[in-house]
Amino acid sequence: MHPRLTLSAILLATGLAATPALAQTGHGAGHGSATVGAPVMSAASMSYMDAMKKMDRDMAAMPMSGAPGVDFATMMIPHHQAAIDMAKAYLASGENDPAIAKLSREIIEAQEREIAFLKNWLAARPKR
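These figures come from a predicted structure and were not determined experimentally. (Residues numbered from 1 in each chain as written. Predicted model: local features only at pLDDT ≥ 70, side-chain atom pairs only at ≥ 80, totals over all residues. Heavy atoms only, no water.)

K.L.:
Before we go on, may I ask you to explain the packing of helix H3 (residues 68–93) against helix H4 (residues 98–124) in this structure?
P.N.:
When two helices pack together, their arrangement is given by the angle between the helix axes and by the axis-to-axis distance. For the pair H3 and H4, interaxial distance at closest approach is 8 Å and the crossing angle is 155°. Viewed along their axes, H3 and H4 adopt a mutual orientation that is roughly antiparallel. Between H3 and H4 the crossing geometry is left-handed. Here the contact of H3 with H4 is composed, by residue class, of 17 nonpolar, 6 polar and 5 charged. (Axes fitted to C-alpha atoms, helices over the stretch in contact; angles between N-to-C directions. Helix = DSSP H or I, 4+ residues; strand = E, 2+ residues; numbered from the N terminus. Parallel < 35°, antiparallel > 145°, perpendicular 65-115°, else oblique. Left-handed = near helix turned anticlockwise from the far one by under 90°. Nonpolar A, V, L, I, M, F, W, Y, C, P; charged D, E, K, R; others polar.)

K.L.:
I keep staring at unusual backbone geometry and nothing clicks. Help me out?
P.N.:
Across the chain, the bulk of peptide bonds are trans and the bulk of non-glycine residues have phi less than zero. The phi dihedral of asparagine 96 falls on the positive side, at around 60°, and the residue is not glycine. Tracing the sequence through the fold places asparagine 96 in the loop between H3 and H4.

K.L.:
Would you take a moment to explain the pattern of salt bridges for this structure?
P.N.:
Where charged atoms of side chains with opposite charge meet at close range, the side chains can pair. Tallied over the full model, the rule gives 3 salt bridges. Lysine 54 is paired through a salt bridge with aspartate 58; the nearest N and O atoms lie 2.7 Å apart. Of the two residues, lysine 54 and aspartate 58 both sit in helix H2 (residues 43–60), 4 residues apart, roughly one turn of that helix. Of the charged contacts, one joins lysine 102 and glutamate 106 as a salt bridge, the two residues approaching to 2.5 Å between their closest N and O atoms. Taken together, the positions of lysine 102 and glutamate 106, both in helix H4 and 4 residues apart, correspond to about one turn of that helix. Judged by relative accessible area, which is 46%, lysine 102 ranks as partly exposed. (Salt bridge = Lys/Arg side-chain N within 4 Å of Asp/Glu carboxyl O. Buried < 20%, exposed > 50% of the residue type's maximum accessible area, 1.4 Å probe, protein only.)

K.L.:
Got a minute to help me understand the side chain of glutamine 111 in this structure?
P.N.:
Assignment of secondary structure puts glutamine 111 in helix H4. Judged by its relative accessible area of 14%, glutamine 111 falls in the buried class. Discounting residues that sit within four places of it in the chain, glutamine 111 has contacts with His80, Ala83 and Ile84. (Contact = heavy atoms within 4.5 Å.)

Set out below in structure tokens:
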């Protein structure tokens with residue numbers, strides 16, 4: 001098969017697969033007008049995106065120490081906090097799928113425990 005044909009087929013297939021998402025409509029600024037091409041996002045979905053953006057900002061702002069364990073622990077704290085924030089947003093969404101709600105509660109408990117461990121570990125390290 002010719003490489004260009006393969007790439008064209010992939011681009012066509014992915015473009016067609018994206019069509020249903022692009023066909024969704026949202027409502028602009030409370031005026032009831034449809035916005036073609038804008039995906040509809042729930043408040044929970046927006047909260048997930050906000051949590052990820054905050055995590056990215058927090059992680060990008062952290063200076064690296066050069067100590068692998070310290071850098072790992074420091075970077076994992078905002079990573080785990082984003083998981084907690086996303087799980088809380090799901091629980092607040094009101095959807096209440098039993099399996100996802102259970103997983104969300106488990107994530108909150110586990111990630112809070114791990115954040116506490118990481119903070120304690122960092123605090124106990126000798127300052128350099």
